[in-house]
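# Working through the structure, step by step
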Amino acid sequence: MRTRSNSGVRLDYYQRVVHKLILDHQQPVTGLFPASSQNDHAWIRDNLYCILAVWGLSMAFKKIADQDEDRAKTYELEQSCVKLMRGLLMAMMQQKDKVEKFKSTQHPLDSLHAKYSSRTGQTVVKDSEWGHLQIDAISLYLLILAQMTASGLQIVFSLDEVAFIQNLVFYIESAYCTPDYGIWERGDKTNHGLPELNASSIGMAKAALEAMNELDLFGARGGPSSVIHVLADEAQKCQAVLQSMLPRESNSKELDSGLLSIISYPAFAVDDPQLITKTRDTIVSKLQGKYGCKRFLRDGHKTPREDPNRLYYEPWELRMFENIECEWPLFFSYLILDYCFQGDKNNVTDYMQRLEKIMIRKDDGIKLVPELYAVPGDKAYQEQAEPGSQERIPLGRCPFIWGQSLYILGKLLQEGFLAVGELDPLNRRLCSEKKPDVVVQIVILAEDNEIRDKLLEHDLHVQTISEVAPIEVQPARVLSHLYTYLGRNKKLGLSGRKSRDVGILSTSKLYSLNERIFAFTPQNFDYEEYYMTRDPALLASTFTANVAFLGMSWKQMLGRPTITLLATQYLLDQGKIPMAMITTMKKLKSGYINGTRVTLGNLGDFLSTSAITNLSFLGSQEDGYPDKLNPQVHSYLEDHLLKSFSNKFSFLSRPTVARNSRMLRRRMSVRGAIKKTRSINVDSETLGMEGENVGPHLEKKASWLEMDPTYGRSPSPEITKKKAITKGTSTTSLGVVTPTIEISKEVTPPPQKTEAVVKNPPLRNRTISESQSIAYAEQETDELIAMLRETENLDEQGDILQYLVDTHGLEFATGMLENGKPVTVKDLLKALYEKACTQKLWGLVRHTAGMLGKRVEDLAKAVTDLLVRQKQITVGMPPNNEHTITAPLPENELRQLIHVAYGDDESTAMLTQELLVYLAMFIRTEPQLFLEMLRLRVGLIIQVMATELSRTLSCDGEEASEHLLNLSPFEMKNLLHHILSGKEFAINSAGRGNISIVSNKSTRYTKKSQIVLEGQGLQGTIDEAPIAEPDRQGQWLRRRRLDGALNRVPRDFYPRVWGVLEKCQGLVIQGKVLQQNLTQEMTSGELKFALAVETVLNSIPQPEYRQLVVEALMVLTLIVEYKAVDQLGGMITVEHLVQKANQIFLEDQMRCNGDATLCCAAGACGGALVCGGAAGVCQHLYDSAPSGSYGTMTYLARAVAGLLADHLPHLAPIECAIT
């Protein structure tokens, strides 16, 4: 026998170790590994990590196979891997019904089990007895399956198994919004069984989705039907959420060592090198000790103070685990692998020495990795006082195979038996390398020759749909329907993809199907659905955002992205192509748009450079004809070849009728029906709230305040009528529309459509006499319908239809006929909606869209996008009607919730849906706008938008809310952006009552702010608007109001408040108490703590007052951080500080005869409040800059000094420098 080379001898040693520690325990029937000799449960995650060492060793043997027995060893080791992977596959396939159910419900009880019997592969605990929902375990299975298949192992044997794996891909698709129990199986760290969104699960799912995409499970021997398909957008969503969470693990865990598996081997899920470094450094600095890393802060598992008789902890107990958490050597193994992949030999050696120091040597000389090291019971106090000072003892399983297996891989890499590329045949480790710029290809197609010629006038050469044949162009919803056929399998009872969402990454590929090639237009350009697509300027801005998004997110795909756009009749504005479109298309010709490289061309020219996906799964595999199209798909495609959009509404075309006086009277009485539904409140004194100190001059605004307890919604017309009569007062409730008595004064305005928007008559108090109202109610509807046909003014039509809907409902038959069918009020509304869209009367469009129950494009997706980035949302007008959304909801429940929150106010309900979509757009493209904001209060944002309009246009609240609802979708998005970014803006009024919002480029809020009113105002010329001292006045008040309404706080505000809480008994705000024991329950960086503080701050009605309270808290944090005092004493009422600061401010004003002497300071003696500042604080204090000798911080610091006089050290002189 030849002598073995040194490397052969060394490998033989590792083979003995692997055999003894790992393969000896593999069950012969199922191939699974039991947890220990006493416990035969096999966890998916632990089994996968165990087998990695076996797989690594098999590849090492393959390279030196100089003798037959080495080849045999390679094969034997490889087959052990296959046996385990198939054992897990069989165990999961027995739960195929759960996979099918979970795709629809995402409910923890419908999830695949996390552990199985290692003897039989059957389940071992009931659905409800364990935290089974662990998306990271299923994702890890798919990731390792992909890597092993790519390395040449054959694990999947049949097409039925391929279909099951495809359904596992759907199972993890929604990981980015599915709270689970995570890598430690415990969810929230109190272990009460509450699942939460975990960054480690999302990262693992992202890695699995990318690894599985276009992978042939039969390896080199497969064909199109064994390929797995993943929609690129699903991985992108996980990516975005992961970016926004790291280095945080979840709401209750501000950090977790488990994230090492995400930023490095095996997942490599993060592609931003800085974020990887930041996460690694944070883990090393906060969690690493001499014996490994802690799993997370305040982890009580196996510590001496844990009560072993119960599974969960009480929240206040968590503090006692601080600094004595167990340390896990496992994480040294992860760090060793991380540095091997980086090629950092020094760190590999360093961590290898640390790990080998704490391993336990067995009698046979093999070193073992223990599960964890705990502090001995009698040493806990010393360890807590001086972390890292005490010797620890090993507990738990030894060897801990998960850690041992990764240690063996690290040794094989360190000694050069394996190259990093062999452990990662799919090259995931390269995802954080710099890539060349993406070039986005753009194709514009005209619907017909007419539009092609119109584009030609602007020197834009495009093809029509018919000219690009044989390539077929379809809307995105066709693609989403085709994808529902993916993964269907009758034998297994699996139904294919459930989600209907196809994002911009999916529609930017071309698709081949047998001999045909398809291109799809983006989902957010589907005209059928939603009025936002009717605004050309908004379409243009959405389009540029899409291009930028593709530039950033097009990764790991072969070929370039191609956006196909369709120019249809819909886009024409009065027969012309809108300027917004033309300017965008011209920019495209330049080759760059907003910094992204683009190229404009014809579809045919791009065939060779585009990404093309084969839709082979649409064949009839199960019937034995893989090359023939599935008959259902065939008929679907035949039906869906693009149909032209044409409007079939003719019944609002009117014969001219002589107007009689009775008609006139009737029209007056319906007028303003829509306007009465409004609920936006812009009185400056009560912005945000009906505060307690509201004067009697405020009329009750709108019907949603009058909730009827018996109905739980706004009262019906009949009841309201009775109420109105019994009260004897006027009511502006929606249902009751009463005839007015003074007819003579009113003359119908001539039907000038352009001004209709602006000149709605103001709401008058209506007087009611009983007989009139009853007679009126009984009068037949014919006149109204006749009048409806006669009037040219769309606003009047809206009022009439609003009245008809209130009295008769949407399905009421009007007695008209169209093509022999009766016409309902709903049909009339649809026709009105179409017309309002064409004429761009946005206020009416929003209102009718609300009445028709039209949905915003992907409302649920927008809300989810905000929630998964750790922003909570409230809808409804503060203070009484705010509903908080904290978890993703289905579309219909969301719409229901929003409509309940706004009562009858359809327009504002619609506007809320619209703003949620814009907020989601911004958070996807400009996440930095949302820094330090935890909760987005949409109702308050709407009120601030209206206030800003009323300030810039110098008009009253009602006019401002009218203007707000009439802003075009693009201007609405623009205004929202200006408010979020705090930029100053000016208002340009173009003709037709449209307002456009322009940035004042030069002015940021730090410089002087100016309010510019350009051109003709909406009320004709604006008479010398009172802009006194435009450069200074109101600037800081506005800034505070905006920040307060957006809930924006200074950086690291919440962790610093945590520091203040530690030093006092509690903080009182608006009568609500932040208890000191919160610091016992939560760590300073925990999101749950931030939400607790935020909830208390949100109980403050006025945004600017809230901001001063935040400033007062900041002064307290500075005192704590500079250790000015040891203790802050008992309960601190923060409002007292603000009131005290106000008092000092007024005294100063008296002394130096400042502005406030005109209002509050003058009344200081008499105690009368003149200026009406929120919460009794002078307007002038709100409008002071924070810094400077008359700044708010100065006064707050003086107030705090007064409060703490007792606690300050008396003898030493105090350094007091206020900056």
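Each chain carries its own residue numbering, running from 1 in the direction its sequence is written. Note on the predicted model: pLDDT of at least 70 is required for a residue's local features to be given, and 80 or more for side-chain atom pairs to be given and counted; whole-chain, interface and lining totals, by contrast, use all residues. Calculation of side-chain values draws on the structure's entire complement of heavy atoms; hydrogens and water are dropped beforehand.

Okay, the packing of aromatic side chains next. Each aromatic ring pair is summarised here by two numbers: the centre-to-centre distance and the angle between the ring planes. We call Phe, Tyr and Trp rings a pair once their centres come within 6.5 Å, taking the six-membered ring for Trp, and we label the pair stacked below 30 degrees between planes, edge-to-face above 60, and tilted otherwise. The final tally for this structure, using the stated rule, is 24 aromatic pairs. On the numbers, 5.6 Å between centres and 55 degrees between planes, the contact of Phe 332 with Tyr 351 is tilted. Of this pair, Phe 332 sits in helix α11 (residues 330-342) while Tyr 351 sits in helix α12 (residues 345-358), placing them 19 residues apart in sequence. Exposure class is identical for Phe 332 and Tyr 351. Each is buried. Between Tyr 511 and Phe 520 the ring centres are 5.5 Å apart and the planes differ by 70 degrees, which places this aromatic pair in the edge-to-face class. Secondary structure counts use DSSP, requiring at least four H or I residues in a row for a helix and at least two E residues in a row for a strand, with both numbered from the N terminus. Accessible area is worked out with a 1.4 Å probe on protein chains only. A residue is then buried under 20% of its type maximum, exposed over 50%, and partly exposed in between.

Structurally, Gln 390 can be placed in the loop between α13 (380-385) and β8 (393-395). The class of Gln 390 is buried, set by a relative accessible area of 15%. Here Ser 389 takes part through its side chain, which lies 3.1 Å from a polar atom of the side chain of Gln 390. Throughout, a residue-residue contact means that at least one pair of heavy atoms, one from each residue, lies within 4.5 Å. Leaving out residues up to four positions away in the same chain, Gln 390 has contacts with Tyr 291, Lys 379, Gln 382 and Glu 383. Here a polar contact is recorded for every N or O atom pair within 3.5 Å, except that within protein the pair must consist of a potential hydrogen donor and a potential acceptor, and residues adjacent in sequence are included only if both atoms are side-chain atoms.

With 13 residues, helix α35 (residues 969-981) should cover 18 Å at 1.5 Å per step; its first-to-last C-alpha distance of 18 Å lies within 8% of that length. Taken residue by residue, α35 has Pro 969, Glu 971, Met 972, Lys 973, Asn 974, Leu 975, Leu 976, His 977, His 978, Ile 979, Leu 980 and Ser 981 as its buried positions. Once α35 finishes, Gly 982 follows within two positions and takes phi at roughly 75 degrees, a positive value. Take the residue count of a helix, subtract one, and multiply by 1.5 Å to get its expected span.

Turning to the nonpolar core, a few remarks are in order. Buried Ala, Val, Leu, Ile, Met, Phe, Trp, Tyr and Cys residues form a nonpolar core when they are joined through side-chain atoms within 4.5 Å. Judged by nonpolar contacts, the single largest core of 144 residues is most densely connected at Tyr 141, Ile 165 and Met 212. Among the nonpolar cores identified, the runner-up in size contains 88 residues, and Val 823, Leu 894, Leu 916 and Cys 955 belong to it.

Here we come to the sheet that holds strand β15 (residues 516-521). Pairing between strands is defined by DSSP: at least two bridges between them are needed. Pairing is mixed in the open sheet, where 4 strands are placed in the order β11-β15-β14-β19. On the outer flanks of this sheet lie β11 (471-475) and β19 (612-614), each paired with one strand and no other. Within this sheet the neighbouring strands show an average axis-to-axis angle of 30 degrees, counted without direction. Relative to β15, β11 runs parallel, the two sharing 5 bridges. Along β15, the bridge assignment pairs Glu 472 with Phe 518. Along the sheet, helix α17 (residues 476-483) makes contact with β11, β14 (510-513), β15 and β19, crossing β11 at roughly 90 degrees. The angle between two axes is taken between their N-to-C directions and runs from 0 to 180 degrees, where each axis is a line fitted to C-alpha atoms and a helix contributes only its stretch in contact.

Attention now goes to helix α33 (residues 938-953). The terminal C-alpha atoms of α33, which comprises 16 residues, lie 22 Å apart, in line with the 22 Å expected from a rise of 1.5 Å per residue. A large share of α33 lies buried, amounting to 15 of its 16 residues. Trailing α33 by a residue or two, Ser 954 shows a phi angle of about 45 degrees, which is positive.

Below, the discussion takes up the packing of helix α32 (residues 906-925) against α33. Where α32 contacts α33, the two axes come as close as 10 Å, and the packing angle between them is 100 degrees. The orientation of α32 with respect to α33, classified from their angle, is roughly perpendicular. The segment α32 lies against α33, with Thr 908, Leu 911, Thr 912, Leu 915, Leu 916 and Leu 919 engaging Val 938, Ile 942 and Met 945. Looking at the contact of α32 with α33, its residues break down into 7 nonpolar, 2 polar and no charged. Should an angle lie under 35 degrees it is considered roughly parallel, over 145 roughly antiparallel, and from 65 to 115 roughly perpendicular; all remaining angles are considered oblique. In the scheme used here, Gly and all other residues not listed as nonpolar or charged are polar, with Ala, Val, Leu, Ile, Met, Phe, Trp, Tyr, Cys and Pro taken as nonpolar and Asp, Glu, Lys and Arg as charged.

Next up on the list: the confidence of the model for the protein chain. Atom-level detail of predicted coordinates should not be read off regions where pLDDT is low. On average, the protein chain scores 81 in pLDDT, and the residues at 70 or more come to 83%. Each residue carries a pLDDT score, the predictor's own confidence in it, on a scale running from 0 to 100. This stretch, residues 684-778, has a pLDDT under 50; its non-local contacts, to residues over four places away or in other chains, come to 142 contacts. Throughout residues 1001-1031 the model reports pLDDT below 50, and contacts reaching past four residues in sequence, or to other chains, amount to 51 contacts.

What follows concerns the environment of Thr 123. Here Thr 123 lies in the loop between β2 (115-117) and α5 (135-150). Given a relative accessible area of 40%, Thr 123 falls into the partly exposed group. Along the backbone, Thr 123 and Met 92 are 31 residues apart, and their C-alpha atoms lie at a distance of 9.6 Å. Among all residues touching Thr 123, those that are not within four sequence positions of it are Gln 95, His 113 and Tyr 116.

With that settled, consider the pattern of salt bridges. Counted as salt bridges are all cases of a side-chain nitrogen of Lys or Arg within 4 Å of a carboxyl oxygen of Asp or Glu. Throughout the structure, instances matching the rule amount to 61 salt bridges. The closest approach of N and O atoms between Glu 1062 and Arg 319, which form a salt bridge, is 2.6 Å. Note that Glu 1062 is positioned in helix α37 (residues 1053-1062) and Arg 319 in the loop between β4 (292-293) and α11, a separation of 743 residues in sequence. For Asp 350, the salt bridge goes to Arg 354, with nearest N and O atoms at 3.5 Å. Taken together, the residues span about one helical turn, with Asp 350 and Arg 354 both in helix α12 at a distance of 4 residues. A relative accessible area of 28% means that Asp 350 is categorised as partly exposed. The class for Arg 354 is partly exposed, based on a relative accessible area of 29%. A single network of salt bridges, built from pairs that share partners, joins Arg 10, Glu 356, Lys 411 and Glu 415.

As a further point, take the sheet that holds strand β25 (residues 883-885). Spatial ordering of the open sheet is given by β25-β24-β26, a layout of 3 strands whose pairing is mixed. Since the sheet does not close on itself, it has two edges, and those belong to β25 and β26 (935-937), each with one partner. For this sheet, the mean inter-axis angle between neighbouring strands, taken without regard to orientation, is 20 degrees. The sheet contact formed by strand β24 (residues 872-875) and β26 spans 3 bridges and is parallel. The partner of Thr 874 across the bridge, within β26, is Arg 937.

To continue, consider the pairing of β14. Burial along β14 is two-sided: Leu 510 and Ser 512 and Tyr 511 and Leu 513, pointing in opposite directions, are all buried. Where β14 and β15 come together, 4 bridges link them in antiparallel fashion. Pairing of Tyr 511 across the sheet is with Phe 518, part of β15. Connecting the antiparallel pair β14 and β15 is a turn made up of 2 residues, with Asn 514 showing a positive phi of about 50 degrees. Note: β14 against β19, 3 bridges, orientation parallel. The partner of Ser 512 across the bridge, within β19, is Asn 614.

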